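# Descriptive structure summary
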Amino acid sequence: MELLKQATLWLAAGVEAAAALVIGLAAIQAFLRALVLFIPGHLASDEPDAKEAVRLKLGRWLAVALELELGADILRTAVAPTWTEIGQLGAIVVLRTALNFFLQKEIDGAQARRTGSPPAANPEP
């Protein structure tokens, strides 16, 4: 049983590392795309929605990373030995879920503004 707990904790750490990698790569990508917008005469710098596109792409990657972090939290909850740890993990899950919900609402609203269509009533799972 202890081996299973350790394996689950290692798996959770791996999922968290994957989330950190996604965040890091997304931040680098967003930085490079934003940097291009400062180049005078570059095609992208003339587009009115260019900054919004960078922001939306970063937001989508952050939502993916939040989902990975949530998965790691769920794995940790499965092996949490005390009610205190379960409560702490539960609070983290609630906070990350709320962050992801509002981030997704912002992404949907920005996407709707860009395309001129009304935001989806039920965002994709």
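Basis of the calculations
Residues numbered from 1 in each chain as written. Predicted model: local features only at pLDDT ≥ 70, side-chain atom pairs only at ≥ 80, totals over all residues. Heavy atoms only, no water. Core = buried A, V, L, I, M, F, W, Y, C linked by side-chain atoms within 4.5 Å. Buried < 20%, exposed > 50% of the residue type's maximum accessible area, 1.4 Å probe, protein only. Contact = heavy atoms within 4.5 Å. Patch = residues over 30% accessible without salt bridge, like charges linked within 9 Å, V, L, I, M, F, W, Y side chains within 5 Å. Areas by Shrake-Rupley, 256 points an atom, 1.4 Å probe, with all protein chains shown as cover. Salt bridge = Lys/Arg side-chain N within 4 Å of Asp/Glu carboxyl O. Helix = DSSP H or I, 4+ residues; strand = E, 2+ residues; numbered from the N terminus. pLDDT = per-residue confidence, 0-100.

## Section: the nonpolar core
Counting residues in hydrophobic clusters, the biggest one holds 6 residues: Leu-56, Ala-63, Leu-66, Leu-103, Ile-107 and Ala-110. Ignoring any residue separated from it by four or fewer positions in sequence, one finds Ala-63 in contact with Asn-100, Leu-103 and Gln-104.

## Looking at a nonpolar patch on the surface
On the surface, Leu-21, Leu-25, Ile-28, Phe-31, Leu-32, Leu-35 and Phe-38 cluster together into a nonpolar patch covering about 780 Å² of accessible area. Residue position: Leu-21 is located in helix H1 (residues 2–36). Taking relative accessible area as the criterion, Leu-21 reaches 53% and is therefore assigned exposed.

## Details of the confidence of the model for the protein
Per-residue confidence for the protein gives a mean pLDDT of 85; residues scoring 70 or more make up 88%. Per-element mean pLDDT across the protein ranges from 61 in helix H2 (residues 43–46) up to 95 in H1.

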